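# Structural characterization, general
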Amino acid sequence: MLVFKRMPMPPITTQQDEREPLQSPWRAAWFWCAVLSVIGWGCFAICAKLGSREIPAGPMQVLFTVGALPVALALLASRRFRLEKSAPGLFYGTAKGILSGLGGLAAFAAYRTGGNTAVITAATAMYPMVTVALAVIVLRERLNWRQILGLAFAAVSLIALS
């Protein structure tokens with residue numbers, strides 16, 4: 001675990017966050033959204049590898065964006081083409097798009113190298129470790145011992161796959 005000298009780490013808890021009642025994941029909406037996300041990103045990785053064999057990372061990123069346009073248009077149409085009015089929300093949403101685009105470009109470039117698809121996909125899928133670290137530092141979220149153990153296993157799995 002990293003130690004940050006200037007910023008005190010929030011305490012590690014062993015109890016579930018009081019704001020979230022203990023719920024079976026099978027009944028939770030977040031679980032099924034996550035399952036759909038995993039399926040989508042799993043198929044994305046195969047398409048990214050196959051496409052990156054044929055064309056460079058830049059055009060792949062452009063086509064990725066073009067492919068996302070129908071989804072974006074459908075979402076906008078469902079809201080009658082009204083955008084949110086929250087300036088911070090607009091900023092973070094746009095920043096997320098820029099960072100996602102840069103991450104996608106790097107992933108397409110990694111697939112284009114001809115490296116092992118399983119290893120590249122597992123390595124790029126380690127981004128939640130950065131998210132977790134930032135959530136602890138910036139958002140002051142707490143981790144319990146099982147979550148920390150899960151992060152350790154994730155790090156070990158990347159080493160084992162390489």
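Quick note: structure is the one above.
Residues numbered from 1 in each chain as written. Predicted model: local features only at pLDDT ≥ 70, side-chain atom pairs only at ≥ 80, totals over all residues. Heavy atoms only, no water.

## Here we look at the overall build of the protein
- A tally of helices and strands in the protein yields 6 helices and 0 strands.
- The order of α-helices and β-strands along the protein, N terminus first, is α-α-α-α-α-α.
- Residues classed as buried in the protein amount to 15% of the 162 residues present.
- For the protein, the proportion of contacts with a sequence separation of at least 24, taken over those separated by at least 6, is 67%.
- Of the roughly 12600 Å² of accessible surface on the protein, 71% is carried by carbon and sulfur atoms. (Helix = DSSP H or I, 4+ residues; strand = E, 2+ residues; numbered from the N terminus. Buried < 20%, exposed > 50% of the residue type's maximum accessible area, 1.4 Å probe, protein only. Contact = heavy atoms within 4.5 Å. Areas by Shrake-Rupley, 256 points an atom, 1.4 Å probe, with all protein chains shown as cover.)

## Here's the deal with the nonpolar core
- By size, the foremost hydrophobic cluster in this structure holds 8 residues: Ala45, Ala48, Ala57, Met60, Ala107, Phe108, Tyr111 and Ile120.
- Take this core: its biggest share by element is 3 residues, from helix α3 (residues 87-112).
- Setting aside residues up to four positions removed in sequence, Met60 forms contacts with Cys47, Ala48, Gly51, Ser52, Ile55 and Phe108. (Core = buried A, V, L, I, M, F, W, Y, C linked by side-chain atoms within 4.5 Å.)

## A few points about the packing of aromatic side chains
- A full pass over the atoms with the stated rule returns 7 aromatic pairs.
- When the centroid spacing of 5.2 Å and the interplanar angle of 70° are considered together, the rings of Phe91 and Tyr92 count as edge-to-face. Residue Phe91 shares its accessibility class with Tyr92, and that shared class is exposed. (Phe/Tyr/Trp six-rings, centres within 6.5 Å; stacked < 30°, edge-to-face > 60°.)

Nothing here speaks to function; it is geometry throughout.
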